[in-house]
Amino acid sequence: MPKHGALGQFEQVVLTTIVDLADTAYGVTIHRAVDELSKPRSVSLGAVYATLDRLEDKGLITSWLSDPTPERGGRSRRYYRLDPAGMRALYESVRMSKRICERLELAWGSTIWNGGPA
Amino acid sequence: MERGSGMRSNPPAVIELIVGLFVPPLVREQVLGDLAEQYTSPGQYVLDASRTVPAIVVSQIRRTSYFPLWPAIGLGLTAAFGLGAEAWWPRAVIPSVITLLVFMFRDAYRVPDLQHPRRKGLIDVAIVAGTVLASEAAVGLCRQEWLITSEGLRGGALALAVLYLLRLQNPTGRVPRSA
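First, a word on what this report is: a plain description of the structure on this page. In this text, all values refer to a predicted model and were calculated from it rather than measured experimentally.

Scoring rules and cut-offs
Residues numbered from 1 in each chain as written. Chains lettered and ligands numbered in written order. Predicted model: local features only at pLDDT ≥ 70, side-chain atom pairs only at ≥ 80, totals over all residues. Heavy atoms only, no water. Axes fitted to C-alpha atoms, helices over the stretch in contact; angles between N-to-C directions. Helix = DSSP H or I, 4+ residues; strand = E, 2+ residues; numbered from the N terminus. Parallel < 35°, antiparallel > 145°, perpendicular 65-115°, else oblique. Left-handed = near helix turned anticlockwise from the far one by under 90°. Contact = heavy atoms within 4.5 Å. Patch = residues over 30% accessible without salt bridge, like charges linked within 9 Å, V, L, I, M, F, W, Y side chains within 5 Å. Areas by Shrake-Rupley, 256 points an atom, 1.4 Å probe, with all protein chains shown as cover. Salt bridge = Lys/Arg side-chain N within 4 Å of Asp/Glu carboxyl O. Buried < 20%, exposed > 50% of the residue type's maximum accessible area, 1.4 Å probe, protein only.

## Comments concerning the packing of helix α5 (residues 93-109) of chain B against helix α7 (residues 150-168) of chain B
Residue and element names in this part refer to chain B.
Part 1 of the reasoning: Where α5 contacts α7, the axes come no closer than 13 Å and their chain directions differ by 25°. Taken together, the axis directions place α5 and α7 in an arrangement best described as roughly parallel. Both α5 and α7 take part in a crossing whose hand is right-handed. Side by side, α5 and α7 meet where T99, F103 and D107 of the first sit next to L160, L163 and R167 of the second.

Structure representation (structure tokens):
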């Protein structure tokens with residue numbers, strides 16, 4: 001069991017988004033992508049920041065400030081990337097999700113991918 | 001128009017200044033930048049800020065307040081402020097809770113000053129002492145019997161001195177990662 005414990009679903013979504021965005025992962029882009037992944041639920045920018053802070057405190061991600069940009073009123077962006085521990089945690093979490101899906105597929109059949117059980 | 005595309009305008013400086021006052025300094029740069037990047041209208045900006053800032057403040061409090069120590073500190077403060085009082089409730093509890101809350105918000109909003117930690121610590125304690133005295137003035141207007149005794153004031157001053165020394169041990173004000 002990893003030292004940081006299991007990831008929550010929202011943490012998993014945020015980490016996935018950072019991997020997906022690669023070099024363009026900062027507050028606004030992460031928020032947009034997380035909001036898209038979490039549909040129909042709406043996600044606030046504040047919830048994304050709080051999760052990023054928590055993931056950074058767990059040592060799963062690293063952040064750094066960019067140079068100021070004019071479209072942000074001359075302010076910097078804080079970019080994020082996964083640390084090796086974050087990669088491992090996400091990998092373990094996704095494997096567990098896959099096992100859950102496989103069990104449910106056995107129980108519910110292919111309906112799991114077509115709107116779920118009645 | 002999709003947010004962040006096409007012609008871009010910046011939020012009004014006054015609104016941005018007010019929002020900036022509520023955002024902890026350590027994260028102000030990126031938060032105001034992100035909010036500015038998503039700006040479409042003053043109403044939308046205020047709504048976004050009102051949904052974003054409270055979560056950021058709570059997150060900073062979580063990062064800077066070491067809650068496992070709170071019961072011990074709270075008990076110590078209550079004992080100190082309650083000195084010389086036969087009935088210490090709520091006489092000693094009010095200044096103790098105020099002390100903990102002011103330190104909590106002060107930590108969330110402070111910028112670590114590693115060059116002058118003693119001065120910064122003294123300012124923190126002075127702000128707490130001032131707030132406690134102001135709250136005592138307010139309490140005195142309502143319930144004279146809830147005021148701290150003179151022994152309690154001395155005990156409280158001693159407790160704040162101990163807290164000052166404790167806080168010097170962690171000048172960054174960050175909760176350790178393993179905590």
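Now that the structure is up, let's keep going.
## Looking at a nonpolar patch on the surface
Part 1 of the reasoning: A grouping of V14, I18, L21 and F22 of chain B is seen on the molecular surface, where their side chains present a nonpolar patch of about 430 Å² in accessible area.
Part 2 of the reasoning: Under the relative-accessibility criterion, I18 of chain B is labelled partly exposed at 44%.

## Here's the deal with the interface of chain B and chain A
Part 1 of the reasoning: On the chain A side, the residues contacting the 24 residues of chain B number 26 residues.
Part 2 of the reasoning: The interface formed by chain B and chain A holds 8 salt bridges in total.
Part 3 of the reasoning: Close ionic contact of D34 of chain B with R72 of chain A constitutes a salt bridge, the shortest N to O distance being 2.6 Å.
Part 4 of the reasoning: For the side of chain B that touches chain A, the elements supplying multiple residues, two or more each, are α2 (25-37) and α3 (42-64) of chain B.
Part 5 of the reasoning: No other element matches the 9 residues that α2 of chain B contributes to the side of chain B that touches chain A.

## Things to note about the pattern of salt bridges
Part 1 of the reasoning: Across all of its chains, the model carries 18 salt bridges over all chains by this definition.
Part 2 of the reasoning: Of the charged contacts, one joins R63 of chain B and D57 of chain A as a salt bridge, the two residues approaching to 3.0 Å between their closest N and O atoms. Of this pair, R63 of chain B sits in helix α3 while D57 of chain A sits in helix α3 (residues 45-57), placing the two residues on different chains.
Part 3 of the reasoning: Between D107 of chain B and R110 of chain B there is a salt bridge; the shortest N-O distance is 3.8 Å. Considered together, D107 of chain B and R110 of chain B belong to a single accessibility category, that of buried residues.
Part 4 of the reasoning: A single network of salt bridges, built from pairs that share partners, joins D53, E56 and D57 of chain A together with R62 and R63 of chain B.

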